[in-house]
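Tertiary structure, described
Residue-level listing of the chains:
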Amino acid sequence: MVRHAGFLNAAGRGLRALLPALLTGALLAVGAGGVRAADPCADYVPQPKPQNAGRDIVGQDLDTIRARGSMTFAVYEDYAPYSWEEDGEAKGIDVDVAKLVAEFIGVTPVIRFVAAGENLDADLRHNVWKGGIVGGAVSNVMMRVPYDTAFRCRVEQVVFPGQYQEEHIAIAYRVAEYPDGGPVPAYFRFDTVAVENDSISDFYLTSFAGGQTAAGVRRYPTMEAAMAALNAGETMAAMGPLAQLEFYRGEGVAIHEPPLAGLAKAHWPIGTAVHFAWRPLGYEVEDAISAAMADGRIAGIFERYGLTHNPPEW
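Since we're looking at a predicted model, the values are computed, not measured.

Relative to the assigned elements, His256 resides in strand 11 (residues 253-256). C-alpha of His256 to C-alpha of Gly182: the two residues are 74 residues apart in sequence and 6.5 Å apart in space. In this view, His256 contacts Ala170, Ile171, Tyr173, Gly182 and Pro183; residues no more than four positions away in its chain are not counted. Polar side-chain contacts of His256 include one of 2.7 Å to the backbone oxygen of Pro183.

To continue, consider the nonpolar core. Met71, Leu124, Met142, Met239 and Leu281 are the most contacted members of the largest nonpolar core, which totals 69 residues. Each of two domains, domain 1 (62-166 + 268-305) and domain 2 (168-256), supplies a minimum of three residues to this core. Contact partners of Leu124, with chain neighbours within four places excluded, come to Trp129, Met142, Val145, Phe151, Val155, Val158, Phe160 and Ala273. Core analysis: the second largest hydrophobic core is formed by 17 residues, Ala170, Tyr220, Ala229 and Ala238 among them.

According to the stated counting rule, one finds 7 salt bridges in the structure shown. Ionic pairing is found between Glu86 and Lys91, a salt bridge with its closest N-O pair at 3.5 Å. By relative accessible area, Lys91 is classed as partly exposed at 25%. Arg144 serves as the salt-bridge partner of Asp94, at 3.1 Å between the closest nitrogen and oxygen. Linking Asp94 in helix 5 (residues 93-105) with Arg144 in strand 5 (residues 141-146), this pair joins segments that are 50 residues apart in sequence. Among the charged side chains, a salt-bridge network with shared partners connects Asp94, Arg144 and Glu167.

Glancing now at the packing of helix 5 against helix 11 (residues 279-294). Interaxial distance between helix 5 and helix 11 falls to 9 Å at its minimum, and their mutual angle equals 115°. Between helix 5 and helix 11, the crossing angle belongs to the class labelled roughly perpendicular. As helix 5 runs across helix 11, the sense of the crossing is right-handed. Where helix 5 approaches helix 11, its residues Val97, Leu100, Val101, Phe104 and Ile105 are matched on the opposing element by Leu281, Glu284, Val285, Asp287, Ala288, Ile289 and Ala292.

On to the side chain of Glu166. Topologically, Glu166 is positioned in strand 7 (residues 165-174). By relative accessible area, which is 8% here, Glu166 ends up buried. At 2.9 Å, the side chain of Glu166 and the side chain of His168 are in polar contact. Contacts of Glu166, omitting those with residues within four sequence positions, involve His267, Trp268, Pro269, Asn310, Pro311, Pro312 and Glu313.

Below, the discussion takes up the environment of Gly69. Position of Gly69 relative to the elements: it lies in the loop between helix 4 (62-68) and strand 1 (70-76). In the structure, Gly69 is positioned 37 residues away from Gly106 in sequence and 7.6 Å away in space, judged by C-alpha atoms. For Gly69, the residues in contact, after removing those within four places along its chain, are Val107 and Thr108.

What counts, and at which threshold
Residues numbered from 1 in each chain as written. Predicted model: local features only at pLDDT ≥ 70, side-chain atom pairs only at ≥ 80, totals over all residues. Heavy atoms only, no water. Helix = DSSP H or I, 4+ residues; strand = E, 2+ residues; numbered from the N terminus. Contact = heavy atoms within 4.5 Å. Polar contact = N/O pair within 3.5 Å; in protein donor to acceptor, adjacent residues only side chain to side chain. Core = buried A, V, L, I, M, F, W, Y, C linked by side-chain atoms within 4.5 Å. Buried < 20%, exposed > 50% of the residue type's maximum accessible area, 1.4 Å probe, protein only. Domains from an automatic or database assignment. Salt bridge = Lys/Arg side-chain N within 4 Å of Asp/Glu carboxyl O. Axes fitted to C-alpha atoms, helices over the stretch in contact; angles between N-to-C directions. Parallel < 35°, antiparallel > 145°, perpendicular 65-115°, else oblique. Left-handed = near helix turned anticlockwise from the far one by under 90°.

Quick look at the structure:
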């Protein structure tokens, strides 16, 4: 599933909690007197913080991490090109960025592959600030976390340092089917488009223009399977996260980013998550990623995988 904006896990893993905002523009909605538009935390309601929990559950401070000589990173399983395991070796963009952070702090990275939960709230709860019901230890840092100011206000238990990429929703298409240029969503009233089931692209296209484009949607269990269908000529196009489209693109397939009418956010920052109590660790993670962004090492990671690096814009 697309784990890496409720953010919907099947569209950028970890995104389900923010899905309504992406589809309807709710994050931009104006409350009485325009307060919400001016202050994303106007509707803030404090959440419970973990109480009477040991360090093995809520994480470790920076000194403990350095004394131990290693730190743990949670990454989504089976989520190429961001994170996956091949012949017992952890690979992917998020894995390589995690290694940069560990090197900066001076410790060994320990990569933990985790399954995507129902939404981003659950992923952060299980992997950053509380732990799961079974095997409850959390990780020091979670990778590929979508960042949003309103969501940050709601989830007090976590801080979000070190944004290193901007996720984009794009459309891949067979050039032979569209010799004059790529399709826009309205085309899918008649043309076929592959999407990952229950992803942002799926929800968007099935609700676009009153559901007029739903007829063209063909659902697949993963983005890899959706792109395989496109590459095999089973569909005319595919819609999903840009990096996945690029990673799985076959011969005769091009990619573009047309305007996506009605989608409040077609792109959003991706970064890390750290337990709120360990701010010094969060500062180190921020410094490590900022340095790697500035000197081109993170852009180099994307280049090695044949992908476009879109730095977050502020």
